[in-house]
Amino acid sequence: MRRLSTPVVGVVGGGLAGALTTVHLLRAAQLPLRVVLVDRSGSAGRGVAYATRDDAHLLNVPMERLSAFSADPDHFARWARATLDPSLAPGAYLPRRRYGDYVEAVLRDAERGAAHAVVERVRDEVVDLERTVPGAGVRLRMRSGARLDCDAVVLALGNLPAPAPPWLIDDPRVAPDPWAPGALDGPPARRTLLVGTGLTAVDAAISFAARDDAAEIVATSGCGRLPFAQLPGRRTVAPPPAVPDGPLPLPELVALVEGHIAEARAQGFDWRDAIDGLRPVIPELWRRLSLADRRCFVADHARAWELRRHRMAPEVAARIAELRAAGRLRLSTGRVVAMRATRREVEVEVVAADGRRIIAVDRVVVCAGPCADVARTPDPLVRRLLAGGWARPDALGLGLCGGPRAELRGDAGVLHDDVRVLGPVLRGQLWETTAVAEIRRQAERLALLLSEQLAQRRPDEAAA
């Protein structure tokens, strides 16, 4: 009987998507398997979202909805009570770093319990993919110069970085990335400008306000609005609506969502429960829209949806309300168009409907969110994948194009069935693909697909 070498799956990215994919590969493996998890930070399960060390940065979902396993929805809640505090009330919103601790613990447990698979962690950055023998594998090329031959690759890239805005200046008082080491540190500032009013700006405002009781914070964006707040406690999600057959014009989709919310309210649910109840059917609703209607949604409806879909934890919302009531946090509507450094301040020029104005501050933090145009991301791997024909942008340019089984789709529509993709880079195709529930579902599906695929390539051992 011929024995084959142990197959290798390279997982590119050690954030939540990469860690959960690794966990489910370990659990699904029925034959010997080597999983190589590559991440430039050297950690697993944290990425940007869960790497913060500030305990005021809370999860924006209650702990009962954050299990790593679809079949065991209370897994995280049990871990939190056993590890952190047995008295945690239902519906608790925990510090985000604690969820990173949980994912790391889940990965360690999966490693110890794996009957057939092993994990190797590599601290490096993948900068390109290469073909070995055509149709027989993929080689990962690392920034260090190392190379790794894989039978299959999973691209778990997380939110891609956005290109630097044209008005950005090189000045130590300007932080282009709020999550870069030290970006939220430094001496207290009399006045800080946050460019953006989403959840990242909320985190930054809370951190700065806690360090300096006299700090004044201004947050500006095109809409000038903050995310809505979650309701406290453990909530029951409203049942999703029926998805109609055939194409779904955007006005009909809007009417469907509004009708769903009204019906849920009539049944005693809050509008938040209705929005959360839509999540299982959002990919199907998104597929029913024409490309033109998807573009229209992104241009005209996406921001309003994001404010309601990705909400602040109740404690965070209460703290933000306190800061606004005290005059320490002020919202501004406008688009930054220029920035100038003077000896004493940074002058930021903002354009709004009522004209132009200058906001003079001691510090600027860009909280504008992830990349909305994949062709312009500075991420070196994605740039090389696009340039080399491995990948192509989705029809909206929000991310990469994937196939029906999460294959990476390249030039001329070629599907690379040995390169799979999950997470935020599929937003253009799925719309909702950034939260734990969606990433968990994708990771579980990918693990089963890859396990079956690799088993089919090893008939000798499968029959042993």
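Residues numbered from 1 in each chain as written. Predicted model: local features only at pLDDT ≥ 70, side-chain atom pairs only at ≥ 80, totals over all residues. Heavy atoms only, no water.

Some remarks on the overall build of the chain
As a reminder of what qualifies: In DSSP terms, a helix is any run of H or I states spanning at least four residues, a strand is any run of E spanning at least two, and both are numbered starting from the N terminus. Each radius of gyration reported is based on C-alpha atoms, and the globular scaling rule is 2.2 Å times the count of residues to the power 0.38. Exposure classes here rest on a 1.4 Å probe applied to the protein chains alone. A residue is buried below 20% of its type maximum, exposed above 50%, and partly exposed in between. Two residues form a contact once any of their heavy atoms are found within 4.5 Å. The method behind every accessible area is Shrake-Rupley, applied with a 1.4 Å probe, and residues are considered shielded solely by the protein chains displayed.
A count of helical and extended segments in the chain gives 14 helices and 17 strands. Computed over C-alpha atoms, the radius of gyration of the chain comes to 23 Å, within 12% of the 23 Å expected from 2.2 N^0.38 for 464 residues, which places it in the range of a compact globule. The C-alpha extent of the chain, read off along each of the three principal axes, is 75 × 55 × 50 Å. With 464 residues in all, the chain has 53% of them scored as buried. Here the contacts in the chain between residues at least 6 apart in sequence split such that 71% fall between residues at least 24 apart. As displayed, the chain has an accessible area near 20700 Å², and 52% of this comes from carbon and sulfur atoms.

Structural notes on the side chain of Asp128
Position of Asp128 among the secondary structure elements: in strand β4 (residues 126-131). Once you skip the residues sitting within four places of it in the chain, Asp128 turns out to touch Arg139, Leu140, Arg141, Leu381 and Arg384.

A closer look at the sheet that holds strand β13 (residues 346-352)
Counted only if it meets this: In this description, strands pair whenever DSSP reports at least two bridges between them. Angles shown run from 0 to 180 degrees and are taken between the N-to-C directions of axes, each axis being a line fitted to C-alpha atoms and, for helices, limited to the stretch in contact.
Read across the sheet, 3 strands follow the order β12-β13-β14 without closing on themselves; strand pairing throughout is antiparallel. Strand pairing shows two members of the sheet lacking a second neighbour, β12 (335-341) and β14 (355-361), which therefore form its edges. Within this sheet the neighbouring strands show an average axis-to-axis angle of 25°, counted without direction. As judged from the 7 bridges shared by β13 and β14, these two strands associate in the antiparallel manner. Considered in β14, the bridge of Ala352 is made with Gly355.

Side note on the layout of surface pockets
The test is simple: A pocket, in this scheme, is an open set of points on a 1 Å grid over the protein atoms alone with protein on both sides within 12 Å along at least 5 of 7 lines, while a cavity is a set where a 1.4 Å probe fits but cannot get out; residues line either one if an atom lies within 4 Å of a point. Grid points are joined across faces, edges and corners, and a volume is the space filled by probe spheres set on the points.
Considered as a void within the structure, the second largest pocket measures approximately 570 Å³ in volume. Considering the residues around the second largest pocket, the lining is formed by 25 residues, among which Pro283, Arg287, Leu426, Gln429 and Leu430 are closest to the centre. The set of elements that each furnish at least two residues to the lining of the second largest pocket consists of α7 (282-288), α12 (427-430) and α13 (436-456). Top contributing element to the lining of the second largest pocket by residue count: α13, with 5 residues.

Notes on the nonpolar core
Threshold: Buried Ala, Val, Leu, Ile, Met, Phe, Trp, Tyr and Cys residues that are joined via side-chain atoms within 4.5 Å together make up what is termed a nonpolar core.
Grouped together as the largest cluster of nonpolar side chains are 51 residues, with contacts concentrated most on Val9, Phe76 and Tyr99. When residues of this core are traced back to their parent elements, those giving at least two are β1 (8-12), α1 (16-28), β2 (33-39), α2 (75-83), α3 (96-113), β3 (117-123), β7 (152-155) and α13. A per-element tally of this core places α1 first, with 8 residues. Formed by 30 residues, the second largest nonpolar core is a distinct cluster that contains Val382, Trp390, Val421 and Val425.

Some points on the sheet that holds β2
Ordered in space as β3-β2-β1-β7-β17-β16, the 6 strands form an open sheet in which the pairing is mixed. The open sheet terminates on both sides in strands that have one partner only, identified here as β3 and β16 (407-409). On average, each strand axis in the sheet is tilted by 35° relative to the strand beside it, whichever way the strands run. Sheet topology note: the β7/strand β17 (residues 415-421) ladder contains 3 bridges and is parallel. Its bridge partner being in β17, Val154 is matched across the sheet by Arg420.

Focus: the environment of Thr434
Looking at the element boundaries, Thr434 is found in the loop between α12 and α13. Thr434 sits 276 residues away from Gly158 along the chain, and the two C-alpha atoms are 8.2 Å apart. Leaving out residues up to four positions away in the same chain, Thr434 has contacts with Asn159, His310, Pro424 and Ile439.

Structural notes on the confidence of the model for the chain
Formally: Values of pLDDT, which run from 0 to 100, indicate the predictor's confidence residue by residue.
Here the chain averages 93 in pLDDT, while 97% of its residues score no lower than 70. Confidence scores differ between elements of the chain, with helix α14 (residues 459-462) showing the lowest mean pLDDT of 48 and α2 the highest of 98.

Overview of the packing of helix α4 (residues 199-211) against helix α10 (residues 314-325)
For any two helices packed against each other, the geometry is given by the interaxial angle and the distance between the axes. We count it as follows: Each crossing gets its handedness from the near helix: less than a right angle anticlockwise from the far helix is left-handed, clockwise is right-handed. Amino acids outside the nonpolar list (Ala, Val, Leu, Ile, Met, Phe, Trp, Tyr, Cys, Pro) and the charged list (Asp, Glu, Lys, Arg) are all regarded as polar, and Gly is one of them.
Here α4 crosses α10 at 60°, and the two axes come no closer than 11 Å. The way α4 lies across α10 gives a crossing that is left-handed. Along the contact surface, α4 presents Val202, Ala205, Ile206 and Ala209, while α10 presents Val316, Arg319, Ile320 and Leu323. Partitioned by chemical class, the residues of the contact of α4 with α10 number 7 nonpolar, no polar and 1 charged.

Comments concerning the packing of aromatic side chains
The condition is simple: Only rings of Phe, Tyr and Trp enter the pairing, Trp through its six-membered ring, and a pair is recorded when the two centres are within 6.5 Å. The plane angle decides the type: under 30 degrees is stacked, over 60 is edge-to-face, the rest tilted. Criterion for a charge above a ring: Lys NZ or Arg CZ within 6 Å of the ring centre, and within 35 degrees of the ring normal.
Applying the stated rule across the entire model yields 10 aromatic pairs. By the ring-pair criterion, three or more aromatic residues cluster together here, those being Tyr50, Phe76, Trp79, Tyr99 and Tyr102. In this structure, Arg363 is placed above the aromatic ring of Phe208, and the distance from its NZ or CZ to the ring centre is 3.8 Å.

A few points about empty space enclosed by the protein
Regions of empty space are outlined by a rolling probe, equal in size to a water molecule, passed over the atoms. On inspection of all chains with the given rule, the structure shows 3 cavities of 30 Å³ or more. Roughly 60 Å³ of volume is contained in the largest cavity. Every residue along the wall of the largest cavity is listed here: Pro62, Arg65, Tyr93, Gln230, Leu231, Arg235, Arg272, Asp273, Asp276 and Arg311. Among the residues forming the lining of the largest cavity, the class breakdown is 3 nonpolar, 1 polar and 6 charged.

Some details on helix α9 (residues 302-309)
Those residues of α9 that fall on the buried side of the exposure criterion are Ala302, Trp305, Glu306, Leu307 and Arg309. Looking at the buried positions of α9, the neighbouring elements they touch are α6 (271-277), α7, α8 (291-300), α12 and α13.

Some details on the pattern of salt bridges
Note the cut-off: Definition used for salt bridges: Asp or Glu carboxyl oxygen within 4 Å of a side-chain nitrogen of Lys or Arg.
Summed over all chains, the structure comprises 35 salt bridges. Between Arg191 and Glu216 there is a salt bridge, with the nearest N and O atoms lying 3.5 Å from each other. Highlighted residues: Arg191 in strand β9 (residues 191-195) and Glu216 in strand β10 (residues 216-221), separated in sequence by 25 residues. Owing to a relative accessible area of 17%, Arg191 belongs among the buried residues under this scheme. The exposure class assigned to Glu216 is partly exposed, which follows from its relative accessible area of 25%. Between Glu347 and Arg340 there is a salt bridge, and its shortest N-O distance comes to 3.9 Å.

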